[in-house]
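# Geometric and topological summary
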Amino acid sequence: MELYRFECPSADIEMLARVVSDLFPEQTVFAEREGEGGAPHLSVQWVAMRFGATARRMVLDVRFAAPAWARYRSLPARARARSYAVVRAYVEAALGSLEEQYAAGETVPREVTIELGDEFA
């Protein structure tokens, strides 16, 4: 069985998924979904073992503002490193926030959305 499953028709979304894949456990699914305004979004689905006594199915959506997505797509591949770093930082922060909520005894949401705009591209 593969460590991760990538269901991304576009190479752009798959590359963004690969940038953050090592932050998630094995058997995580990275899928491309249609977003608003023509910009797709990355949906990450995994089973979290660390947010309670039982496993929980979690979903993290990374959504891109249409103008930012258009700018990202217009960049040459060699100039996308900053965008990769931004996506990774936001995903790391979201996961850290979930861990802090659990540590504080708060309810951890099963679905989290990250909205990226001008900071992305």
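Sequence order as written defines residue numbering, which begins from 1 separately in each chain. In keeping with the model being predicted, local features are shown solely for residues with a pLDDT of at least 70 and side-chain atom pairs are shown and tallied solely at 80 or more, while totals for entire chains, interfaces and linings include all residues. The basis for the side-chain values is all heavy atoms of the structure; hydrogens and waters are excluded.

## Some points on the packing of helix α1 (residues 11-20) against helix α3 (residues 81-103)
Quick note on the threshold: For every element, the axis is a line fit to its C-alpha atoms; helices are fit only across the contacting stretch, and the angle between N-to-C directions ranges from 0 to 180 degrees. Secondary structure elements are taken from DSSP: a helix is a run of H or I of four residues or more, a strand is a run of E of two residues or more, and numbering for both begins at the N terminus. To sort the angles, those under 35 degrees are grouped as roughly parallel, those over 145 as roughly antiparallel, those from 65 to 115 as roughly perpendicular, and the leftovers as oblique. By definition, any crossing whose near helix is turned counterclockwise from its far helix by less than a right angle is left-handed, and any crossing with a clockwise turn is right-handed. By definition in these notes, contact holds between two residues if any of their heavy atoms fall within 4.5 Å. We call Asp, Glu, Lys and Arg charged. Ala, Val, Leu, Ile, Met, Phe, Trp, Tyr, Cys and Pro are nonpolar, and the rest, Gly among them, are polar.
At a minimum axis separation of 9 Å, α1 and α3 run at an interaxial angle of 50 degrees. Taken as axis vectors, α1 and α3 run oblique relative to one another. Pair α1 / α3 crosses with right-handed handedness. Touching Met15, Leu16, Val19 and Val20 of α1 are Tyr84, Val87, Arg88 and Val91, all from α3. Of the residues that constitute the contact of α1 with α3, the class distribution is 7 nonpolar, no polar and 1 charged.

## Observations regarding the sheet that holds strand β5 (residues 111-116)
What counts is decided by this rule: DSSP-based pairing: two strands are paired if at least 2 bridges between them are found.
The strand order β1-β2-β3-β4-β5 describes an open sheet built from 5 strands, whose pairing is mixed. In the strand order of this sheet, the two ends are held by β1 (4-7) and β5, each with one partner. Strand-to-strand twist across the sheet, computed as the mean angle between neighbouring axes with direction ignored, equals 15 degrees. Relative to β5, strand β4 (residues 56-64) is paired through 6 bridges, and the arrangement is parallel. Each bridged residue has a counterpart across the sheet, and for valine 62 the counterpart in β5 is isoleucine 114.

## A word on α1
Under the convention used in this document: Buried means the residue's accessible area, taken with a 1.4 Å probe over protein chains only, is under 20% of the maximum for its type, while exposed means over 50%, and partly exposed covers the values in between. Along the arc lie the directions from the helix axis toward the C-beta atoms.
For α1, the set of buried residues is Asp12, Ile13, Leu16, Ala17, Val19 and Val20. Taken around the axis of α1, the buried residues stretch over an arc of 155 degrees, which confines them to a single face. The inward-facing, buried residues of α1 contact β1, β2 (28-33), β3 (41-48), β4, α2 (66-74) and α3.

## Considerations on the packing of aromatic side chains
For clarity, the cut-off: Stacked, edge-to-face and tilted are the three classes for Phe, Tyr and Trp ring pairs, Trp counted by its six-membered ring, which pair at centre distances within 6.5 Å; planes under 30 degrees apart are stacked, over 60 edge-to-face, the rest tilted.
Inspection of the entire model under this criterion finds 11 aromatic pairs. With centroids separated by 5.2 Å and ring planes inclined at 15 degrees, the aromatic side chains of phenylalanine 6 and phenylalanine 30 adopt a geometry described as stacked. A residue pair is termed long-range when its members are at least 10 positions apart, and phenylalanine 6 in strand β1 and phenylalanine 30 in strand β2 qualify at 24 residues. Accessibility assignment for this pair places phenylalanine 6 and phenylalanine 30 in one class, buried. For the pair phenylalanine 51 and tyrosine 102, a centre-to-centre distance of 6.3 Å together with 70 degrees between the ring planes defines the contact as edge-to-face. Of the two residues, phenylalanine 51 sits in the loop between β3 and β4 while tyrosine 102 sits in helix α3, which places them 51 residues apart along the sequence. A residue is classified by how much of its surface remains accessible, and phenylalanine 51, at 5% relative accessible area, is buried. Put simply, the rings of Tyr4, Phe6, Phe24, Phe30 and Trp46 touch in pairs and so form one group of aromatic residues.

## Observations regarding the pattern of salt bridges
What counts, and what does not: Within this document, salt bridges are pairs made up of a side-chain nitrogen of Lys or Arg and a carboxyl oxygen of Asp or Glu, the two lying within 4 Å of each other.
Under the defined criterion, the tally for this structure stands at 9 salt bridges. Note that arginine 50 and glutamate 99 form a salt bridge whose closest N and O atoms lie 3.1 Å from each other. Of this pair, arginine 50 sits in the loop between β3 and β4 while glutamate 99 is found in helix α3, placing the two residues 49 residues apart along the sequence. Its relative accessible area of 35% is what places glutamate 99 among the partly exposed residues. Where salt bridges share partners, they join Asp12, Arg73 and Arg80 into one cluster.

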